[in-house]
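Remarks on the overall topology
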Amino acid sequence: MASSKLQALWNHPAGPKTIHFWAPTFKWGISIANIADFSKPPEKLSYPQQIAVTCTGIVWSRYSTVITPKNWNLFSVNVAMAGTGLYQLSRKIKQDYFPDTEAAVAKE
C-alpha cells in the first residue's frame, strides 16, 4: 500500500520529477528564514520585504489552486509565506505606531 502511494506521488504531474515540485520545495527556505526572524527586534524588519513576502504568498496561493495540475506544495508554502509576512508586518506596525501599549504592558 505504501509503495503504491509513493509510486503515485512519484508519477504525479507535480511530483518530484518536475520543477512543479522542486520550486515550491526550495521556496520553503523563504518561510523558514522569516520564521527565524521572529526573534529579530521589530525595528530591524523591513516594510518592503515583508509586504513583498505577504503579497507573493497571497497571490500565488490563489494561483496554485487554479492551475492544472493543482499544486498543493505550492499552495502550502505560499500560505506559510503570507502568514509569516502578515505576522512580521503586525509586529512592525505595532512597534512603529503603537509603542505605548507595549510599554504599558511591560510596566504591569
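As a starting point, this report considers the structure included with it.

Parameters at a glance
Every chain is numbered on its own, with residues counted from 1 as its sequence reads. Where totals are concerned, whole chains, interfaces and linings use all residues; where local detail is concerned, this predicted model gives features only for residues with pLDDT of at least 70, and gives and counts side-chain atom pairs only at 80 or more. Side-chain measures were taken over the full set of non-hydrogen atoms in the model, leaving aside hydrogen atoms and water. Here a strand is any run of E in DSSP of at least two residues, a helix any run of H or I of at least four, and the numbering for each starts at the N terminus. Our radius of gyration looks at C-alpha atoms and nothing else; its globule reference is 2.2 Å times the residue count to the power 0.38. Whether two residues touch is decided by their heavy atoms; if any such pair falls within 4.5 Å, the residues are in contact. Method for areas: the Shrake-Rupley scheme with a 1.4 Å probe, in which residue coverage is limited to the protein chains shown. Residues scored as positive are Lys and Arg, those scored as negative are Asp and Glu, and His as well as the terminal groups of each chain are ignored. For the purpose of locating charges, the reference atoms are NZ of Lys, CZ of Arg, CG of Asp and CD of Glu. Side-chain rings of Phe, Tyr and Trp (the six-membered ring for Trp) are treated as a pair once their centres are within 6.5 Å; stacked means planes under 30 degrees apart, edge-to-face means over 60, and tilted covers the remaining angles. Exposure categories follow from relative accessible area, calculated using a 1.4 Å probe and restricted to protein chains: below 20% of the type maximum is buried, above 50% is exposed, and the middle band is partly exposed. For this document, the term salt bridge refers to a Lys or Arg side-chain nitrogen within 4 Å of an Asp or Glu carboxyl oxygen. For the purposes of these results, a polar contact is taken to be a pair of N or O atoms within 3.5 Å, where, inside protein, one atom must be able to donate a hydrogen and its partner to accept one; residues adjacent in sequence count only when each atom of the pair is a side-chain atom. Helix span, expected: 1.5 Å multiplied by one less than the number of residues in the helix. By definition, the arc is the one covered by directions from the helix axis to the C-beta atoms.

Some details on the overall build of the protein
- Each helix and strand in the protein was counted, giving 5 helices and 0 strands.
- For 108 residues, the compact-globule estimate of 2.2 N^0.38 gives 13 Å, and the C-alpha radius of gyration of the protein, at 18 Å, exceeds that figure by more than 25%.
- Once the C-alpha set of the protein is aligned to its principal axes, its extents read approximately 60 × 25 × 20 Å.
- Within the protein, residue pairs in contact and separated by at least 24 positions form 71% of the contacts whose partners lie at least 6 positions apart.
- Surface accessibility of the protein: about 7200 Å² in total, with carbon and sulfur atoms responsible for 69%.
- One way to put it: in the protein the 11 positive side-chain charges average out to a point 19 Å from where the 6 negative ones average out.

A closer look at the packing of aromatic side chains
- Applying the stated criterion across every chain, the model contains 5 aromatic pairs.
- Judged by centre distance (4.7 Å) and plane angle (85°), the ring pair of Phe21 and Trp22 falls under edge-to-face.
- Taken together, a centroid distance of 4.7 Å and an interplanar angle of 65° make the contact between Phe38 and Tyr87 edge-to-face. Residue Phe38 is located in the loop between helix H2 (19-36) and helix H3 (47-66), and its partner Tyr87 is located in helix H4 (residues 72-97); the two are separated by 49 residues in the primary sequence.
- Here Phe38 falls in the partly exposed class, since its relative accessible area comes to 32%.
- Accessibility expressed as a relative area gives 39% for Tyr87, which makes it partly exposed.
- Three or more aromatic residues joined by ring pairs form one cluster here, namely Phe21, Trp22 and Phe26.

With respect to the pattern of salt bridges
- A complete count under the given rule lists 2 salt bridges for this structure.
- A salt bridge links Lys40 to Asp37; the shortest N-O distance between them is 3.9 Å.
- Judged by its relative accessible area of 30%, Lys40 is partly exposed.

Some thoughts on the environment of Ser46
- Take Ser46: it is sitting in the loop between H2 and H3.
- Taking relative accessible area as the criterion, Ser46 reaches 28% and is therefore assigned partly exposed.
- Between the C-alpha atoms of Ser46 and Gly29, which are 17 residues apart in sequence, the distance is 18 Å.
- A polar atom in the side chain of Ser46 sits 3.2 Å from the backbone nitrogen of Gln49.

Focus: H2
- If you check H2, its first and last C-alpha atoms are 26 Å apart, about what 18 residues at 1.5 Å a residue would give, namely 26 Å.
- Burial in H2 covers these residues: Phe21, Pro24, Lys27, Ser31 and Asn34. For H2, the angular spread of the buried residues around the axis is 135°, confining them to a single face. For H2, exposure combined with an orientation more than 90 degrees from the buried face picks out Ile19, Phe26 and Ile32.
- Looking at the packing, one finds that the buried side of H2 touches H3 and H4.

Focus on the side chain of Ser64
- Structurally, the position occupied by Ser64 is in helix H3.
- Residue classification places Ser64 among the buried positions, given a relative accessible area of 1%.
- A distance of 2.8 Å separates a polar side-chain atom of Ser64 from the backbone oxygen of Ser61.

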